[in-house]
Amino acid sequence: MSFRIFATCNIGEDALDRVRELGYDLEVFAEQEPPGKALILERVRGGIDGLITTLRDPIDREVFEAGRGTLRVVAQDAVGFDNIDRQAANDCGIPFTNTADVLTHATAEFAFFLLGAVSRKLYPSERIVRENRWSTWHPFLPILGDEVTGKTVAVIGTGRIGRAFAVKCTGFQMDILCCDGVEDRTFVSGLQELLDTQSSLGLSRRRCSASQVSFEEALERADYVSLHVPLLPETYHLIDAGALRRMKQSAYLINTSRGPVVDEQALCQALKERWIAGAALDVFEREPLPEDSPLRDPELTDRLRMFHHFASATRETRLSPDPEIGMAGRCVQGLIDVLEGNYGGDLRQMPYVVNKEAF
Ligand code: GLV
């Protein structure tokens, strides 16, 4: 059967070829900018069977209502789906899929690199070279960074990405504070075993620890606070003025999760008034970052690193058509599973369907 698909952007030709090879009628919105809701609605009202989306597309109740009875699947090319109205999808009986797992390590390693970049002042150092301000070698002038090895890191949210990040931190002999609403003793004791192995092999200077702690304790004890929570009503502005005030003055905040988890106004104040030492952000309350964002204040440049929602953006992770490797492959597989009725047509058995509760 030939299904009609609208992709709101080119998620990768090799993966989209899998859809074409099945004989589906595929329209790809080829611009770099998103198509906007009006065009999405027009296509959904036009009776498409499948909609391939990214986190830039507002897939709200109006879109789902327009697809009631015709739209069979929304396949999101991302792990996060805060742009999708889950309740509306459920009310309209439309499944949506995501690309969990395949971007875990790309995102976790990026979070770690941000931590290193802001702490070791990579950007200020590079600027010194580029701007020809490197006049001599000196023990501590013009700047020093903060060493990462042996410090304490708080992992806020220990889902897939938070865990992968925590494991990477063991390689830097860090004390690891895990913080999550759902306590996972097995994971924490696994981390402890890794740290103990390094210590017993003589690979670390001391025995490091992994522990489960409260949010408040994580903020108070950590040298680095890294956020790995989904955006939910309860995580909106999780890092507000009160949370920033609890952090050490020497601590850094890393956010690769979702922008609204951090209150940017409060963060600006915290950085300006030096409540904390610095921050590195890959995500923002509004993306792309508005021209007049206070985060652009040149006064903050030396202690605030900012990136363009780049964490999962590796060639492998973004583009591989293999659903075990790439977001594009997994996105397309989610779409195909639903349309072809794989898994005996049972949506609850399909690995990439998110809103299984509706079926
Ligand atoms: C990226 O932020 C994603 O959710 O995939």
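Use the structure listed above.
Quantities reported herein were computed from a predicted structural model and do not represent experimental measurements.

(A) Representation of the overall build of the protein chain. Counting its secondary structure elements, the protein chain contains 13 helices and 12 strands. Counting across all 359 residues of the protein chain, residues that qualify as buried make up 50%. Contacts spanning at least 24 positions in sequence make up 63% of the contacts within the protein chain whose residues lie at least 6 apart. In the form shown here, the protein chain has an accessible surface area of approximately 17000 Å², with 51% of it arising from carbon and sulfur atoms. Placing the 40 positive and 54 negative side-chain charges of the protein chain at their respective mean positions leaves the two points 4 Å apart.

(B) Summary view of the packing of aromatic side chains. Tallied over the entire structure, the rule returns 7 aromatic pairs. Ring geometry for F112 against F165: centres 6.2 Å apart, planes inclined by 50°, an arrangement best described as tilted. Residue F112 is located in helix α5 (residues 104-119), and its partner F165 is located in helix α7 (residues 160-170); the two are separated by 53 residues in the primary sequence. Comparing F112 with F165 shows no difference in burial state: the two are buried. Positioned above the aromatic ring of F187 is the side chain of R163, whose terminal nitrogen or guanidinium carbon lies 4.7 Å from the ring centre. Taking the ring centre of W275 as reference, the NZ or CZ of R245 above it sits at 3.8 Å.

(C) How the structure looks around helix α13 (residues 327-340). Taking 1.5 Å per residue, 14 residues should reach 20 Å; α13 reaches 20 Å between its end C-alpha atoms and fits that length. The buried count for α13 comes to 13 of 14 residues, which makes it a mostly enclosed element. Taken from the residues just after α13, G341 is the one with a positive phi, measuring 65°.

(D) Inspection of α7 at higher detail. Within α7 the residues assigned to the buried category are I161, G162, A164, F165, A166, C169 and T170. Elements in contact with the buried residues of α7: α5, β6 (152-156), β7 (175-179), α8 (185-200) and β9 (224-227).

(E) Spotlight on the pairing of strand β10 (residues 252-255). Side-chain alternation along β10 places Y252 and I254 on one buried face and L253 and N255 on a second face that is also buried. With 4 bridges joining them, β9 and β10 adopt parallel strand pairing. Opposite V225, over in β10, you have L253 as the bridge partner. At this point the chain moves from β9, through helix α10 (residues 241-246), to the parallel β10, and the crossover so formed is right-handed. What joins β10 to strand β11 (residues 278-281) is helix α11 (residues 264-272), and the crossover it makes is right-handed.

(F) Summary view of the nonpolar core. Core analysis: the largest hydrophobic core is formed by 34 residues, its most contacted members being I156, V225, I239, L244, L253 and L267. When residues of this core are traced back to their parent elements, those giving at least two are β6, β7, α9 (215-221), β9, α10, α11 and β11. By residue number, the principal contributor to this core is α11, which donates 5 residues. Discounting chain neighbours no more than four positions away, the residues touching I239 are F215, L219, L227, L244, L253, V261, V262 and D263. The next biggest cluster of nonpolar side chains, apart from the first, holds 32 residues, and it includes L103, V118, C169 and M327.

(G) Broad picture of the pairing of β11. Of the two faces of β11, the one holding G278 and A280 and the one holding A279 and L281 are both buried throughout. Note: β10 against β11, 4 bridges, orientation parallel. Residue L253 lies in a different strand from β11, and its bridge partner there is A279. Here β11 pairs with strand β12 (residues 304-306) via 3 bridges, running parallel. When the bridges of β12 are listed, L281 appears paired with M306.

(H) Structural view of the pattern of salt bridges. Under the defined criterion, the tally for this structure stands at 29 salt bridges. With a shortest N-O distance of 3.8 Å, E65 and R61 are connected by a salt bridge. Here R61 and E65 lie together in helix α3 (residues 61-67), a separation of 4 residues that amounts to about one turn. Of the residues examined, E65 reaches a relative accessible area of 35% and is grouped as partly exposed. On the basis of relative accessibility, which here comes to 33%, the residue R61 falls in the partly exposed class. R185 is paired through a salt bridge with E183; the nearest N and O atoms lie 3.0 Å apart. For R185, a relative accessible area of 64% gives the class exposed.

(I) The sheet that holds β12, seen in detail. Strand order in the open sheet made by the 7 strands is β8-β7-β6-β9-β10-β11-β12, with parallel pairing throughout. Each edge of the open sheet carries a strand with a single partner, namely β8 (210-212) and β12. In this sheet, neighbouring strand axes are inclined to one another by 15° on average, regardless of whether the strands run parallel or antiparallel.

(J) A look at the side chain of T99. As for its placement among the helices and strands, T99 is situated in the loop between β5 (96-97) and α5. Owing to a relative accessible area of 0%, T99 belongs among the buried residues under this scheme. Within the structure, T99 has its side chain in polar contact with the backbone nitrogen of V79 (distance 3.5 Å). When near neighbours in sequence (up to four residues on either side) are disregarded, T99 contacts Q76, D77, A78, V79, M327, R330 and C331.

The rules behind the values
- Residues numbered from 1 in each chain as written.
- Predicted model: local features only at pLDDT ≥ 70, side-chain atom pairs only at ≥ 80, totals over all residues.
- Heavy atoms only, no water.
- Helix = DSSP H or I, 4+ residues; strand = E, 2+ residues; numbered from the N terminus.
- Buried < 20%, exposed > 50% of the residue type's maximum accessible area, 1.4 Å probe, protein only.
- Contact = heavy atoms within 4.5 Å.
- Areas by Shrake-Rupley, 256 points an atom, 1.4 Å probe, with all protein chains shown as cover.
- Lys, Arg positive; Asp, Glu negative; His and termini not counted.
- Charge placed at Lys NZ, Arg CZ, Asp CG, Glu CD.
- Phe/Tyr/Trp six-rings, centres within 6.5 Å; stacked < 30°, edge-to-face > 60°.
- Lys NZ or Arg CZ within 6 Å of the ring centre and 35° of its normal.
- Expected span 1.5 Å × (residues − 1).
- Pairing = 2+ DSSP bridges.
- Right-handed = clockwise from strand over helix to strand, strands pointing away.
- Core = buried A, V, L, I, M, F, W, Y, C linked by side-chain atoms within 4.5 Å.
- Salt bridge = Lys/Arg side-chain N within 4 Å of Asp/Glu carboxyl O.
- Axes fitted to C-alpha atoms, helices over the stretch in contact; angles between N-to-C directions.
- Polar contact = N/O pair within 3.5 Å; in protein donor to acceptor, adjacent residues only side chain to side chain.

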